[in-house]
Amino acid sequence: MKTINQWLTEYGESHQNPTNKTVHWICVPLIFFSIVGLLYSIKLPFFSLGNMEGNVALIVLGLTLVYYFTLSKSLTVGLLLFTSLCVYLCYFIEQSGFAPLWQVSITVFILAWIGQFWGHKVEGKKPSFLKDLQFLMIGPAWLMSFIYQRLGIAI
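This section reports on the structure supplied with the text. (Residues numbered from 1 in each chain as written. Predicted model: local features only at pLDDT ≥ 70, side-chain atom pairs only at ≥ 80, totals over all residues. Heavy atoms only, no water.)

1. Let's talk about the overall build of the protein chain
Then step 1. Tallying secondary structure elements over the protein chain gives 6 helices and 2 strands in all.
Then step 2. Put simply, the protein chain runs from its N terminus to its C terminus through helices and strands in the order α-α-β-β-α-α-α-α.
Then step 3. Here the protein chain, with 155 residues, has 42% of them falling under the buried criterion.
Then step 4. Contacts in the protein chain between residues at least 24 apart in sequence constitute 70% of all its contacts with a sequence separation of at least 6.
Then step 5. Counting only carbon and sulfur atoms, one obtains 70% of the accessible surface of the protein chain, whose full area is about 8,800 Å².
Then step 6. Distance from the positive charge centre (9 side chains) to the negative charge centre (6 side chains) of the protein chain: 8 Å. (Helix = DSSP H or I, 4+ residues; strand = E, 2+ residues; numbered from the N terminus. Buried < 20%, exposed > 50% of the residue type's maximum accessible area, 1.4 Å probe, protein only. Contact = heavy atoms within 4.5 Å. Areas by Shrake-Rupley, 256 points an atom, 1.4 Å probe, with all protein chains shown as cover. Lys, Arg positive; Asp, Glu negative; His and termini not counted. Charge placed at Lys NZ, Arg CZ, Asp CG, Glu CD.)

Here it is, written out as structure tokens:
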């Protein structure tokens, strides 16, 4: 099994262009959020957390955090905070009545992926996930590693 540093280094190889990096700082969190939103929209009425009705996102995010934990306990803390923010935003959007969460999520998902592919066109390299689907999970950790580096926190 690759270490977190091996994953991050390999992911970074196709993310050198400053424009592509900027696009990723915007689009990776949006894609993560949109997937959370889509999964959050699938309700599981047999359990709830306080005012929040149970949903598939809570289960999938739990498993996702276990995956991150196997790679880096430290990064898992930051990703847990970001994940919690995504869940809260889903709850807020759902409660606001602004638009159905699934519609917001699909719109964000499509627009963010358009941005991602444009960024890779600028980069001149294929997205990493075309080589290995696990890179879809590494993108958020890659961004979080930069935040940790800036704050002087070891990954």
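2. Things to note about the packing of helix H3 (residues 56–71) against helix H4 (residues 73–96)
Then step 1. As a packed pair, H3 and H4 sit with axes 8 Å apart at the nearest point and diverge in direction by 160 degrees. If you check the angle between H3 and H4, you find them roughly antiparallel. The handedness of the crossing between H3 and H4 comes out as right-handed. Each of Leu58, Leu61, Leu65, Tyr68, Phe69 and Leu71 in H3 lies in contact with H4, whose residues at this interface are Lys73, Thr76, Leu79, Leu80, Thr83 and Val87. (Axes fitted to C-alpha atoms, helices over the stretch in contact; angles between N-to-C directions. Parallel < 35°, antiparallel > 145°, perpendicular 65-115°, else oblique. Left-handed = near helix turned anticlockwise from the far one by under 90°.)

3. Topic: a nonpolar patch on the surface
Then step 1. The grouping of Trp25, Ile26, Leu30, Phe146, Ile147, Leu151 and Ile153 at the surface amounts to a nonpolar patch, some 610 Å² of accessible area in total.
Then step 2. Of all the secondary-structure elements, those providing two or more residues to the nonpolar patch are helix H2 (18–40) and helix H6 (135–151). (Patch = residues over 30% accessible without salt bridge, like charges linked within 9 Å, V, L, I, M, F, W, Y side chains within 5 Å. Salt bridge = Lys/Arg side-chain N within 4 Å of Asp/Glu carboxyl O.)

4. Observations concerning the packing of aromatic side chains
Then step 1. Within this structure, the stated rule accounts for 12 aromatic pairs.
Then step 2. Ring centres 6.4 Å apart and planes at 25 degrees place the aromatic pair tyrosine 88 and phenylalanine 92 in the stacked group. With tyrosine 88 and phenylalanine 92 both in helix H4 and 4 residues apart, this pair spans about one turn of that helix.
Then step 3. Phenylalanine 92 gets classed as partly exposed once you look at its relative accessible area, which sits at 47%.
Then step 4. For the cation-ring pair, lysine 2 lies above tryptophan 7, with the distance from its terminal atom to the ring centre recorded as 4.3 Å.
Then step 5. Residue placement shows lysine 73 over the ring face of phenylalanine 69; its charged tip is 5.0 Å from the ring centre. (Phe/Tyr/Trp six-rings, centres within 6.5 Å; stacked < 30°, edge-to-face > 60°. Lys NZ or Arg CZ within 6 Å of the ring centre and 35° of its normal.)

5. Some thoughts on the nonpolar core
Then step 1. Of all hydrophobic cores here, the largest spans 38 residues; its most connected members are Val36, Tyr40, Tyr68, Leu75, Leu79, Ile138 and Ala141.
Then step 2. Elements with a contribution of two residues or more to this core: helix H1 (4–12), H2, H3, H4, helix H5 (101–123) and H6.
Then step 3. Among the elements that take part in this core, H2 stands out by supplying 8 residues, more than any other.
Then step 4. Not counting the four nearest positions on each side in its chain, isoleucine 138 is found in contact with Trp7, Leu8, Tyr11, Tyr67 and Leu71. (Core = buried A, V, L, I, M, F, W, Y, C linked by side-chain atoms within 4.5 Å.)

6. Regarding H1
Then step 1. The set of residues buried in H1 consists of Ile4, Trp7, Leu8, Glu10, Tyr11 and Gly12.
Then step 2. Tucked inside the fold, the buried residues of H1 contact H2, H3, H4 and H6.

7. Quick notes on the pattern of salt bridges
Any two side chains of opposite charge can pair if their charged atoms end up close together.
Then step 1. Counted according to the given criterion, the structure contains 3 salt bridges.
Then step 2. With a closest N to O distance of 2.6 Å, glutamate 10 and lysine 2 form a salt bridge.
Then step 3. What makes glutamate 10 buried here is its relative accessible area of 16%.
Then step 4. We note a salt bridge from glutamate 94 to lysine 43, for which the minimum N-O separation is 2.9 Å.

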